[in-house]
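# Examining the three-dimensional arrangement
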Amino acid sequence: MNESSVLVIESDPIVRESLSGWLSSTGFEVTSAEDGAKIIKVFAKSDFNIVIMDVRLHSETQLATLREMKAIRPWIKTIIITSHPQEETVLEAKKIGVVDYIVKPVDMDDLQKIIQGTVESICRGNLTDDNTSFETSGDDLVPGIKKSFAISRENLSLMVENLLKEIEVVGVKAKQGKYIYDRIYGFYELSLDYDVTVSPPTRYMFPPKETLLKFKTGNGNYVEPVIEYTPRVIIGVHPYDIKAIELLDEVFMNHNPDPNYIARRENTVIIGVDCLHPSPRSFAPSMGTNWTETGFDLLLTDIGNSYIVKIGTEKGAELLVKHTKYRLPTGDEIVRQKKVRGEALNRYKIALDTPKDRIPKILEESYDDPYWENRSATCLSCGSCIMVCPTCYCFDVKDEMALNLKEGERFRRWDGCMLVDFAKVASGENFRKDKASRFRHRMFRKGKYILERYGKVGCVGCGRCSSACLAGIASPLEAFNALAENIRLKEAATSVIQAAKPARDIYTPEMAEILSVRQLTEKEKVFELKLKSGKKLGHYPGQFVTVSIMGTGEAPLSISSSPLRGKNFQLAVRNMGDLTSALHSLEAGATVGIRGPFGNGFPLETLEGRDLLLIAGGIGLFPLRSLIQYVMDRRYDYGKVSLLYGCRTPAERVFTDELDFWQNSKEIDFHETVDMPCEGWTGNVGVITNLIDKVDIDPKKTMVAVVGPPVMYKFVIEKLKKRDLPDAHVFLSLERKMKCGVGKCGHCQINGIYTCQEGPVFSLTQLRSLREAVL
Amino acid sequence: MKPKVAFFDFTGCEGCQLDALNLDAQDLIDLLNGIDIVNFREVMTERSDNYEIAFVEGSITTEGEIERVKRIREQAKIVVALGACACIGGVNCLKNHVPMEEALRIVYGKDAKYYNTIPARPADAVIKVDYYVRGCPPSTSELVKVIKALLLNKKPDIPNYPVCVECKKAGNICVYEKGQTCLGPVTRAGCNAICITSGRYCWGCRGLVDEPNIQSQKDILNKYGLTAEQVIEKFKIYDTCSEVLK
Ligand SMILES: Cc1cc2nc3c(=O)[nH]c(=O)nc-3n(C[C@H](O)[C@H](O)[C@H](O)COP(=O)(O)OP(=O)(O)OC[C@H]3O[C@@H](n4cnc5c(N)ncnc54)[C@H](O)[C@@H]3O)c2cc1C
Ligand code: SF4
Ligand code: SF4
Ligand code: SF4
Ligand code: SF4
Ligand code: SF4
Ligand code: FES
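First things first, this report covers the structure right here in the doc. (Residues numbered from 1 in each chain as written. Chains lettered and ligands numbered in written order. Predicted model: local features only at pLDDT ≥ 70, side-chain atom pairs only at ≥ 80, totals over all residues. Heavy atoms only, no water.)

## A few points about the overall build of chain A
- Each helix and strand counted, chain A has 25 helices and 31 strands in total.
- Burial statistics for chain A: of 775 residues in total, 58% are counted as buried.
- In chain A, 73% of the contacts between residues at least 6 apart in sequence involve partners at least 24 apart.
- By element, 49% of the accessible surface of chain A is carried by carbon and sulfur atoms, the whole surface being about 31900 Å². (Helix = DSSP H or I, 4+ residues; strand = E, 2+ residues; numbered from the N terminus. Buried < 20%, exposed > 50% of the residue type's maximum accessible area, 1.4 Å probe, protein only. Contact = heavy atoms within 4.5 Å. Areas by Shrake-Rupley, 256 points an atom, 1.4 Å probe, with all protein chains shown as cover.)

Next up, the structure:
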């Protein structure tokens, strides 16, 4: 190979000419170009060792070209020409892996030294390193991304043994006639020709239980995030599992990045292996997950005595060079790889009867199919299907205290939609209480929701769930095929990825002080709080926060006050259970944790300039009050404002002082009612819907905001429809079980959306397409 | 003020109480910082009827025991059922499957006529129970978990899902795959599927989950070759007052 072929990219023709001329005269083979982007194709085919690039002009594009070159050939040596060594471009370039820079005007002596040094480092470096003796050598042995090499079984063993000396290695082992992932201590332990493992490798990125926070209450209290990880190599990952990891990457690294997952993922090297003897329950080819071109650091194909190894990342390339010997595959070996792969494809026993792109549509049309009810009759709600699934990632969050009851930790552990209590809230309402709705939800996740939200398949067809299900009903393939039969197939659904809202540390609460506490009723109190940082909470009416009491836990609570009223904010809370009763026992001066604000509040722009009809049932007034206050503060922005309030008994009326105030105010048309009067009650009696008759409504001009218990919605909507209000004018706030508030844990899901992200306030139009919202 | 705690035993092996003391020294000190044990037959001689929290161990098998447990309920603010016998009836319920006279004869031989026994039942068949420390014997960590929860005035973290969840989390190979049977799919988790992890199967010592699919579990046992009698035998561990055997 020629150690001295140089590519010069320089836009100034004079500099380019003189540089090239000088380099040729000193014995280099030189190619020059005016613009990097244009030469990238040439670069990919030829074999340059050194690139010299001027990054002073169009630095962004130039850096992009550099990145691309590095991706094609990770160990290309690059030298940049700049006018100032401290500027950002240079720092950025160093991150990409630039070996040196030259400051313009170019001093030819300096340049010669730098280039000479670079050439020497190439000679000393990876290619002729003593540790790395190649079985053959040639230009193509520079291990670039996407290149394939051959490696003997002995040398694979050598690599693993070398890895074992410096890092934890997890691999596939045989156990009791099945296969599992486990830590290995020698190459001999590996079974790389397995069919499927009992449990997927995703647990090494997202473990069954992990600590998120450590804290201490009382004197010397603190709350600290905990991020634990062990650098490790996982060897033997099949392509379908690699695809599953890619989905988790999308979920946990891109939308509200999850620091714990990221730390673990970035410290994991994945050595994949092609699946040549699939499990009889696998349908990976139907899901397009039997091969993969991405998501691994190295990927092996067993072709008999040797393996073809494909390089996926720079990390993978480095590992190969550092730890073992490899060579170019022979023509015969390349043919054999094709052959074994072809044979593997023929070994799959089951397949989708319809293209996978049609699954979302099939599901959509089968929402009310009796299939769900019938097929789930034998479901044990045992959760086995979701616990073995590589694409399941829902979790629960709990606090655990040490025996001294002062220190503790907040941990998360796997949870999932097939379990009975997954969507049950403190009031006892369970949003998926029957087996059929849970069974259907899981299948919709697998076939539709995930795909639409993240653009990646939600089921990779590994078949683990159907092996694990004692009732024999868990296979998505079976469900998709059964439903497809009933349906005229239509077009594929488009995928919508929601814009991510960035958050720095999504699980650590910020501390806030309780400034005052006021009893509202026997069971309800209102708390005034302020963030300890002195910052404003920055919420919109209708948004919520989660409140933490370390050791007790966390609960979602709406913000009850207007953002226009200073830095403090108010939470009105009904005593329902653990967290809320602990909160009730706190007094002014106490500290609680706050995360948020989360979700979408009321659509302020849509409401502006309109007549408003605000309807609150019971403690629905808590969230609605933030909007009422906001509207009162900017009263001039709105037309007529009516407020209807209903609760069960006079004793349950909350914020009575404000109710009196609204009653007497000319700015707001206020009506209230109770279901059951008591002695001395002179006001209206009856359900809240009666009050709607008392207001004049111009359906074109009026916007409605409703918050109350689930039962109320149905009747209020019926009434509003009778008054001709269009769906787009009606907004409702929904309650769901919530744990994370950031669209990860899965508890608040209504069909394909997350209430904590897209809600809790929805327009009726939106809700019409969400069938689980049952209105 | 530290809450005063008393332990009471009914019909059972007292294995639960003994196991409860299997704490290391520091844990015990920490625990005693939070509570005051006033009555604990195995370790203390001093007795007191002045207690707020009563741990009740063993199942209720005689008329006299019914009276006694009711008195405890009147005195205590919080009653905790300790162990499988108190929580679900436990092994004592096995006698419910034979006629009472037969049971007496089996247990006491020819002295049977001097004893009086009623079908064994868990504590909550007689009185309201606030907390449950499940398992046979219950693990120390479970006991500590419940004590911590009641000191913190919150619900203890005892899941309402089956053992299978924890079994899968532990990465176990399902015993059904090996041709054995297991009650994991209807038994309440919280033990980290300890029996399966240590090479056995789940026999249901923690009682049922709230909504068990009994029919489906029975069908599965049948499918794996158990006869109807064997299936009933398997289920005997669960409280006989429940629907399971009907
Ligand atoms: C967006 C939103 C806004 C809310 N705003 C208010 C408010 O302003 N005032 C108010 O009093 N209540 C509000 N709630 C209800 C409040 O969140 C529950 O009453 C509270 O979570 C009960 O928790 P707990 O620990 O006291 O009860 P427990 O019975 O001890 O806990 C029940 C379990 O359910 C979980 N859970 C999760 N989400 C919910 C939920 N939505 N409802 C009930 N339980 C839930 C809890 O975290 C806990 O794990 C709101 C709920 C949501 C989703
Ligand atoms: S749903 Fe079943 S087949 Fe699909 S990825 Fe999960 S475990 Fe595998
Ligand atoms: S909601 Fe989805 S990810 Fe969560 S447990 Fe169910 S199927 Fe798995
Ligand atoms: S589908 Fe099967 S594995 Fe899943 S919860 Fe139901 S019975 Fe268990
Ligand atoms: S071994 Fe028992 S507990 Fe474990 S998964 Fe199988 S049935 Fe469930
Ligand atoms: S696995 Fe079953 S028998 Fe064993 S401790 Fe848990 S509940 Fe009891
Ligand atoms: S996804 Fe966790 S609360 Fe919405």
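## What about the overall build of chain B?
- From N to C terminus, chain B includes 10 helices and five strands.
- The burial tally for chain B puts 57% of its 246 residues in the buried class.
- In chain B, once contacts between residues fewer than 6 apart in sequence are set aside, the share between residues at least 24 apart is 72%.
- About 11300 Å² of surface is accessible on chain B, with carbon and sulfur atoms providing 52% of the total.

## As for the site of ligand 2
Residues and elements named next belong to chain A.
- The immediate surroundings of ligand 2 are formed by 13 residues, with Cys389, Cys459, Cys462, Gly463 and Cys465 found nearest.
- At the level of secondary structure, the elements contributing two or more residues to the shell around ligand 2 comprise helix H15 (435–454) and helix H16 (464–468).
- Taken together, the residues of the shell around ligand 2 break down into eight nonpolar, two polar and three charged. (Near = heavy atom within 4 Å. Nonpolar A, V, L, I, M, F, W, Y, C, P; charged D, E, K, R; others polar.)

## What to know about the sheet that holds strand E10 (residues 222–225) of chain A
Residues and elements named next belong to chain A.
- Pairing in this open sheet of four strands is antiparallel, and the strands run E10-E9-E16-E15 from one edge to the other. Because the sheet does not close on itself, it has two edges, and the strands there are E10 and strand E15 (395–401). If you compare each strand with its neighbour and ignore which way they point, the axes differ by 25° on average.
- The strands that helix H8 (residues 259–266) touches are strand E9 (209–216) and strand E16 (407–414); relative to E9, the one it contacts most, it runs at about 125°. (Pairing = 2+ DSSP bridges. Axes fitted to C-alpha atoms, helices over the stretch in contact; angles between N-to-C directions.)

## Some remarks on the site of ligand 4
- Every residue close to ligand 4 is listed here: A:Cys379, A:Leu380, A:Ser381, A:Cys382, A:Gly383, A:Ser384, A:Cys385, A:Met418, A:Cys469, A:Ala471, A:Ile473 and A:Ala474.
- Its residues assigned to classes, the shell around ligand 4 comprises nine nonpolar, three polar and no charged.

## Let's talk about the packing of helix H7 (residues 239–254) of chain A against H8(A)
Residues and elements named next belong to chain A.
- Remark: H7 packs on H8, axes separated minimally by 9 Å, with the N-to-C direction vectors making an angle of 140°. As the angle between them shows, H7 and H8 are arranged oblique. Between H7 and H8 the crossing geometry is left-handed. Contacts from Ile245, Leu248, Asp249, Phe252 and Met253 of H7 reach H8 at Tyr261, Ile262, Arg265 and Glu266. (Parallel < 35°, antiparallel > 145°, perpendicular 65-115°, else oblique. Left-handed = near helix turned anticlockwise from the far one by under 90°.)

## Quick word on the nonpolar core
Residue and element names in this part refer to chain A.
- Membership of the largest hydrophobic core comes to 112 residues, with the highest contact counts inside it found for Ile271, Leu320, Trp372 and Tyr393.
- Of the residues forming this core, the biggest block, eight residues, is contributed by H7.
- Ignoring sequence-local partners within four residues, the contact set of Tyr393 consists of Phe206, Leu248, Val251, Phe252, Arg445, Ile450, Tyr454, Lys744 and Tyr754. (Core = buried A, V, L, I, M, F, W, Y, C linked by side-chain atoms within 4.5 Å.)

## A closer look at the packing of helix H20 (residues 621–633) of chain A against helix H21 (residues 656–664) of chain A
Residues and elements named next belong to chain A.
- With their axes 13 Å apart at the nearest point, H20 and H21 run at an angle of 45° to one another. In terms of orientation, H20 and H21 fall into the oblique class. With respect to the hand of their crossing, H20 and H21 are arranged in left-handed fashion. The residues of H21 that touch H20, namely those facing Leu621, Arg625, Ile628, Gln629 and Met632, are Glu658, Leu659, Phe661 and Trp662.
- Residue classes in the contact of H20 with H21 are distributed as six nonpolar, one polar and two charged.

## Quick word on the pairing of strand E23 (residues 611–617) of chain A
Residue and element names in this part refer to chain A.
- Within E23, seven of the seven residues are buried, which leaves it mostly tucked inside the rest of the structure.
- Neither face of E23 is left uncovered, since the one carrying Asp611, Leu613, Ile615 and Gly617 and the one carrying Leu612, Leu614 and Ala616 both have all their residues buried.
- With six bridges connecting them, E23 and strand E27 (residues 702–707) associate as parallel partners. Paired with Leu614 across the strands is Ala705, a residue of E27.
- Summarising the sheet, E23 and strand E24 (residues 641–647) pair through six bridges and their orientation is parallel. Following the sheet pairing, Leu614 is matched in E24 by Leu643.

## Quick word on the pattern of salt bridges
All names here are of chain A.
- Across all of its chains, the model carries 45 salt bridges over all chains by this definition.
- Of the charged contacts, one joins Lys721 and Asp727 as a salt bridge, the two residues approaching to 2.6 Å between their closest N and O atoms.
- Within this structure, Glu210, Asp258, Arg264 and Arg412 form a network of salt bridges that share partners. (Salt bridge = Lys/Arg side-chain N within 4 Å of Asp/Glu carboxyl O.)

It is worth stressing that arrangement in space is one thing and function is another; only the former is reported here.
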